[in-house]
Structure formats: structure tokens, C-alpha cells
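The chain contents come next:
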Amino acid sequence: MSAHSLAMRLATMLAITVLGTGCAQALSTQPAGAVTAPTTWLCRPGQPDNPCGGNSGAPVDCFYVYPTVSLDPGANSDLRPGLEERTVAAQQAAPFSSACTVWAPMYRQSTLRGLFAASDPTARNAALERAYQDVVNAWTDYLTHHNRGRGVVLIGHSQGTYLLRALIRERIENTTARKQLISALLIGGNVLVRKGSTTGGDFTTVPACTARGQIGCVVAYSAYGRTPPPDTRFGTAPRAASYGPAGRLPFGPQYSVLCTNPAALGSTASAVLHGTLPGGLPSSYSARCTTGAGPHVLQLRGGSPVPANLLPELPQANWGLHLLDIDVADRDLVGLVRSQTATYLATAGR
């Protein structure tokens, strides 16, 4: 099969995953503002048919917040695990189950409809705040009833990263839970640092990861297979306050978007990523974090089975390889979690 044919096949698979998986589901009748308690878990230990892999014997936990996938008709999704959420969890979170026990809450996320059709900033802001409150409640529930003092890796993508940025800033960084933070993999969500620094943006004490054994730090990037266009969605710091909880995050020209290459932490040199594309295709791309005045992104080149410049850019070119952000480096990220876990357990004397 040619690289072009593989690229078309991959694009089709991604479109089905993100835009078509919920078509067979009945439309939700639950009001977006309905309150449910306790937490509805998409993934938790002991759960039958767990889309996140179900390993309950790992020495540490992962707390995963999934990206925007819901096809529910309102501004916010309901709390019933659907095919969309299960599919993306199997794609993004399940690989980590070999290194950690994955907990993943359902949350009333701002839906795909809300993302692409919203014209009212006030409504969009309310939808994201509702999503954030669900994640806050789930995190509190997890810490209070399930964590039992274990170390935690936070994993987020897209909207999930957006919400975890606020969670770390408001609910973790200046609390006792900070000592349990092994690392935060905040992918595809424009984590900010002060220019020339590894901190001073979203967080004051949680730095960028610059070495494999470092703990209590952040890995963040957005992947592009070609040079980002002028209207790129990722890689540049916002000049004004954003919607939802990110409206309480910093903005302005004194900040830059953090890029940490999971295959070469602390370096801007090119390194080979090790990933697994949808369908189980092992992938290998050369990648480096771009620097300077332009967007700061993880720039992929060459590679197989599909050249980086032919990988599907969905939903639009200015999003880059957003839907593949985790996939193109999932084996590196899992390996990193293992290294960080070893440091954490040795440091904690466990």
C-alpha cells in the first residue's frame, strides 16, 4: 500500500473516530445542567470492559481527561459514557495502563457542536465552566475516596488539557496534592510559560520537564507535520483572556507556549519519536520543538508508515496533527511515565 493510500485510510479512521462514532447513539435527553453524584467513571480499576485497559496492579495512578469528542446535541454533553468517549480513551489512555492504573471521569464537556457552532461567547464560557467544575469534583472525589496517597500522572488532550491547566493552577499547585504529582502530560492545549523560562506562566512551581527522571513537571506540545500556517491554532500565546477557566490563566506577549519533545526533553535538537497510529500502525518520525519568534510546536519530518507532511490535518489545516498529538509519541510518553515513576517511588521511599 502506498503512503498516500495509507494517509487516506488514516484520515478516514480518524474522521470515524472523532466525527462519526456517535451517529448510532440516541440523542441525549438529560439536561446539560443536571447534577449527578457520585462521579461517573469512564475508566476505573475493576470496571468490566474498561476502555482504558483496566490494569489495577500498577504502583501509581493516571488521571486522564479526554478531549472534545461528544456528539451530544447541546452545549454540554451528558454523563453517560458513549462510543465517542470509549473510543478516544482506548486510543489515547489504554497504552498507559501498562505503567499506571487509569482513572478517567466523565464530565459534561463542551461538545463538538459547542466548539464549532457557538456564536455566543457567554454560552461558550458557561459550557466550559460547567465542564471544569465536573473535573474539579471528580478530582476531589478521586483524592478523597480512591487515591490512598499514591503518586499521580495527569494526562490530558485538547479540552482535557485546557481543564487540567486550570486544575493544577487552582487545585494542585499550592496544596498537599502537589507532592503526589509525578508529572502532567498536557498535550495539544497551549500550556504557557514566561519567555525564556520553564515556569512563570500557567504555573509558578510546576516546571517543564527537562530530563527523563525529573518529577513534578509538565510535558506539553502540539504536533505539526508541516510548517504551521499564519492562523495556527496552537503554538502562540493568546493576547487576550480566553473563555471558561482559561480566562483565569495568563495571557500576553510576555508568555510563550511550552514545547517539550518527549523523545528529547530539555533539547531543541531533532529526535526520533516512537508512536502507534490508529489501527495499530507503529510510527517513527523525526521531531523537534521549534523556537524563536514563531509558533512553538513539535515539528515532525519524514518518517513512516506515512510521511509527516501527508498525515491528516483535521479538522482544519491550522490545527496541525491535533488528532494524532498523543499517538505519534505514545510509546515515548509511556516510557517517560515509567522513568518518572521509578524516580518518584525511590524518592518517596515506597
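Because the structure is a prediction, the values reported are computed rather than measured. (Residues numbered from 1 in each chain as written. Predicted model: local features only at pLDDT ≥ 70, side-chain atom pairs only at ≥ 80, totals over all residues. Heavy atoms only, no water.)

Visitor: Mind showing me how you'd approach the pairing of strand β2 (residues 61-65) here?
Guide: Strand residues, when the strand is regular, have side chains that alternate between the two faces of the sheet. A large share of β2 lies buried, amounting to 5 of its 5 residues. Covered by surrounding structure in β2 are D61, F63 and V65 together with C62 and Y64, the residues of both alternating faces. Examined bridge by bridge, β2 and strand β3 (residues 101-105) share 3 bridges and lie parallel to one another. Within the sheet, the bridge partner assigned to F63 lies in β3 and is W103. (Buried < 20%, exposed > 50% of the residue type's maximum accessible area, 1.4 Å probe, protein only. Helix = DSSP H or I, 4+ residues; strand = E, 2+ residues; numbered from the N terminus. Pairing = 2+ DSSP bridges.)

Visitor: Sorry, what's going on with the state of the cysteines here?
Guide: As used here, a disulfide is simply a covalent bond connecting the sulfur atoms of two cysteines. For the coordinates displayed, the defined rule picks out 4 disulfides. In this model C209 forms its disulfide with C217; the gap between the sulfur atoms is 2.0 Å. The S-S bond linking C209 to C217 shows a torsion near 90°; that makes this disulfide right-handed. C217 matches C209 in its accessibility class, with the two residues each being buried. In this model C259 forms its disulfide with C289; the gap between the sulfur atoms is 2.2 Å. Classification of the bridge connecting C259 and C289 rests on its S-S torsion, roughly -75°, and on that basis the disulfide is left-handed. (Disulfide = S-S within 2.5 Å.)

Visitor: What is the right way to read the pattern of salt bridges from this model?
Guide: A side chain with one charge may pair with a side chain of the opposite charge, provided their charged atoms come close. As enumerated under the stated definition, the model contains 8 salt bridges in all. Put simply, D134 and R108 hold a salt bridge, and the shortest N to O gap is 2.7 Å. Highlighted residues: D134 in helix α4 (residues 121-145) and R108 in the loop between β3 and α3 (112-117), separated in sequence by 26 residues. Residue classification places R108 among the buried residues on the basis of a relative accessible area of 9%. Residue E170 is joined to R248 by a salt bridge in which the shortest nitrogen-to-oxygen separation is 2.6 Å. Remark: R248 occurs in the loop between β8 (223-224) and β9 (255-257) and E170 occurs in helix α5 (residues 159-172); sequence separation between them is 78 residues. (Salt bridge = Lys/Arg side-chain N within 4 Å of Asp/Glu carboxyl O.)

Visitor: Any chance you could explain the sheet that holds strand β11 (residues 281-289) here in plain terms?
Guide: Pairing between the strands of a sheet comes from backbone hydrogen bonds, and it takes one of two forms, parallel or antiparallel. One open sheet accounts for 4 strands, arranged β8-β12-β11-β10; its pairing is mixed. If you trace the sheet from one side to the other, it starts and ends with β8 and β10 (271-277), each paired once. Pairing analysis gives 2 bridges linking β8 to strand β12 (residues 298-304), with the strands arranged parallel. The residue of β12 that forms the bridge with A223 is L298.

Geometry only, nothing functional implied.
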